[in-house]
Amino acid sequence: MRADRLVAVLLLLQARGRVTAADLATELEVSVATARRDLEALSAAGVPVYPQAGRGGGWSLVGGARTDLTGLSAPEAQALFLLAGPVTAGSAAARSALRKLVRALPQPFRLDAESAAEATMIDPVGWGERDRQRPPLVELLQAAVVRRRKVRLAYTGRGGERSERLIDPWGLVDKDEVWYLVAGTDRGQRTFRVDRIVGVEVVDELAQRPPDGVTLDSAWRQVVTEVERRRSRTWATVLVEARHVGVLRNQFGRHCSEPEDVGDGRVRVRVGAPTPLDIARHLAGWGAMAEVPEPPSVRAELARLGAEIVGRYGPVADQQPRRSTPG
């Protein structure tokens, strides 16, 4: 008997008190014979369920016994479905599972749970951005993680080089619509962008679990810490009016420090990025609204970008003869 059907049968018995094999077959989308075997398997395993023959009969939990599977209060049920509802929008299987869970809840909770599941939607696409499609390999990799099977990857690195390796998949992470696979390899923990994976073969060999004390969450936090460190190798001091600090925070995110008043109507902020050029590109459009006292490397990049802009669009450039149009 599948574990997911075991949970579903217990939930239905708890919610309804008594069910028939035909009821279960309808709810679980299996045959009546399969539903009957599931009930008999529960009873044989020691779960306190028993059949009652005749009109109005069916299967019940002995003495109205309850499991601990849905000991939810009304607020807990609403919170669960407020969270779960939006994330099922792109998955028919997830929507089906949510509907079954609603039907398994005690009757007084069902209407509010259904309303909660439909109360919120998530539109992950920013204004003016293209819709990002989930990489087609995600589901295959998820299945390998769940089944604990090794995977042979063909991977294209950042520089375009291609490699193949056998890995132990630990889990997948969706970060701002970009998917990553965290895995164990013969060189230790590695992270792969799923959109750079060009080939996957699930191997019928048991994958090794992460080392003791390592979870997907802790492994990913380590990745985030290292990536953010690389993304802030260069720091610059910026002087702006206090009302503009929010814009800097939008540009530099967590690599923007708390402002310090400098006494002339402006504040001092520290911003970080991978290179001096990255900082200069963000600040070049500020013109005279932002001053960068240091470091010299960022000031030099700003001067270079400014000279390029003046050379292309300044008065001297306007006096240059125009190229004739082919034709």
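Source: prediction; values computed, not measured.

Novice: Just to check I follow, could you spell out the confidence of the model for the protein chain for this structure?
Specialist: Detailed reading of the predicted coordinates is not advisable wherever pLDDT is low. Mean pLDDT over the protein chain: 83, with 85% of residues reaching 70 or higher. Predicted confidence for residues 65-69 stays below pLDDT 50, and this span has 9 contacts to residues more than four positions away or in other chains.

Novice: So what exactly am I meant to see when it comes to unusual backbone geometry here?
Specialist: Glycine aside, the phi torsion of most residues is negative, and most peptide linkages are trans. The omega torsion across glutamate 294 and proline 295 is 15 degrees, close enough to zero to call that bond cis. Here proline 295 is to be found in the loop between strand E12 (291-294) and helix H11 (296-313). Not every positive phi belongs to a glycine, and aspartate 176 is a case in point at roughly 55 degrees.

Novice: Can you help me understand the layout of surface pockets in this one?
Specialist: Over the atoms, a rolled probe matching the size of one water molecule traces out where space is still vacant. Empty space within the largest pocket amounts to approximately 1,200 Å³. Looking at the largest pocket, it is lined by 29 residues, and the ones nearest its centre are Arg158, Tyr180, Val223, Val227 and Arg230. When contributions to the lining of the largest pocket are tallied by element, the ones reaching two or more residues are strand E4 (149-156), strand E5 (162-175), strand E6 (178-185), strand E7 (188-193) and helix H8 (216-230). A per-element tally of the lining of the largest pocket places H8 first, with 8 residues. Class assignment for the residues of the lining of the largest pocket results in 9 nonpolar, 6 polar and 14 charged.

Novice: Could you clarify how one ought to interpret the pattern of salt bridges in this entry?
Specialist: Side chains bearing opposite charge may pair, as long as their charged atoms lie close to each other. Evaluated as defined, the whole model comprises 18 salt bridges. Two residues, glutamate 260 and arginine 268, come together in a salt bridge whose shortest N-O distance is 3.4 Å. Within the structure, one salt-bridge network assembled from shared partners comprises Glu226, Arg229 and Arg230.

Novice: Whenever I open this one, the sheet that holds E5 confuses me. Can you help?
Specialist: Backbone-to-backbone hydrogen bonds pair the strands of a sheet. The strands run either parallel or antiparallel. With antiparallel pairing, the 5 strands of this open sheet are ordered in space as E7-E6-E5-E4-E8. Among the strands making up the open sheet, the edge pair consists of E7 and strand E8 (197-206). The sheet shows a mean angle of 45 degrees between the axes of neighbouring strands, direction not considered. Here E4 pairs with E8 via 6 bridges, running antiparallel. Pairing of leucine 153 across the sheet is with valine 200, part of E8. Of the strands in this sheet, E4, E5, E6 and E8 touch helix H7 (residues 138-147), which is tilted by about 90 degrees from E5. Relative to E5, H8 is tilted by about 105 degrees, and along the sheet it contacts E5, E6 and E7.

Novice: Would you mind going over the pairing of strand E9 (residues 234-241) with me for this structure?
Specialist: Looking along a regular strand, one sees the side chains alternate between the two faces of the sheet. Counted residue by residue, E9 has 6 buried out of 8 residues, so it is predominantly covered. Here E9 runs beside strand E11 (residues 266-273); their pairing, made up of 8 bridges, is antiparallel. Looking across to E11, one finds that threonine 234 is bridged to alanine 273. Direction of pairing for E9 relative to E12: antiparallel, over a ladder of 2 bridges. Residue pairing for E12: threonine 237 is matched across the bridge by glutamate 294.

Novice: What should I look at first to understand the side chain of threonine 185 in this one?
Specialist: Relative to the helices and strands, threonine 185 is located in strand E6. Judged by relative accessible area, threonine 185 falls into the buried class, the value being 17%. At a separation of 3.0 Å, a polar atom in the side chain of threonine 185 contacts the main-chain amide nitrogen of arginine 187. Among the polar contacts made by the side chain of threonine 185, one reaches the main-chain carbonyl oxygen of glycine 188 at a distance of 2.8 Å. Setting aside residues up to four positions removed in sequence, threonine 185 forms contacts with Ile167, Arg190 and Phe192.

Novice: Can you walk me through the packing of aromatic side chains in this structure?
Specialist: How two aromatic rings sit relative to each other is set out by the distance from centre to centre and by the angle between their planes. By the definition in use, this model includes 2 aromatic pairs. Arranged with centres 5.3 Å apart and planes meeting at 45 degrees, the rings of tyrosine 180 and tryptophan 220 form a pair that is tilted. Of this pair, tyrosine 180 sits in strand E6 while tryptophan 220 sits in helix H8, and the two are 40 residues apart along the sequence. By relative accessible area, tyrosine 180 is classed as buried at 18%.

Novice: What is the right way to look at the sheet that holds strand E1 (residues 18-19) in this model?
Specialist: Pairing is antiparallel across the open sheet formed by 3 strands, whose spatial order is E1-E3-E2. With one partner strand each, in any of the chains shown, E1 and strand E2 (49-52) form the two edges of the open sheet. Bridge count for E2 against strand E3 (residues 58-61) is 4 bridges, and the pairing is antiparallel. Bridge pairing in E3 places valine 49 opposite leucine 61.

Calculation rules
- Residues numbered from 1 in each chain as written.
- Predicted model: local features only at pLDDT ≥ 70, side-chain atom pairs only at ≥ 80, totals over all residues.
- Heavy atoms only, no water.
- pLDDT = per-residue confidence, 0-100.
- Contact = heavy atoms within 4.5 Å.
- Helix = DSSP H or I, 4+ residues; strand = E, 2+ residues; numbered from the N terminus.
- 1 Å grid on protein atoms, 1.4 Å probe; cavity = no way out; pocket = protein on both sides within 12 Å on 5 of 7 lines; lining within 4 Å.
- Points joined across faces, edges and corners; volume = space filled by probe spheres on them.
- Nonpolar A, V, L, I, M, F, W, Y, C, P; charged D, E, K, R; others polar.
- Salt bridge = Lys/Arg side-chain N within 4 Å of Asp/Glu carboxyl O.
- Pairing = 2+ DSSP bridges.
- Axes fitted to C-alpha atoms, helices over the stretch in contact; angles between N-to-C directions.
- Buried < 20%, exposed > 50% of the residue type's maximum accessible area, 1.4 Å probe, protein only.
- Polar contact = N/O pair within 3.5 Å; in protein donor to acceptor, adjacent residues only side chain to side chain.
- Phe/Tyr/Trp six-rings, centres within 6.5 Å; stacked < 30°, edge-to-face > 60°.

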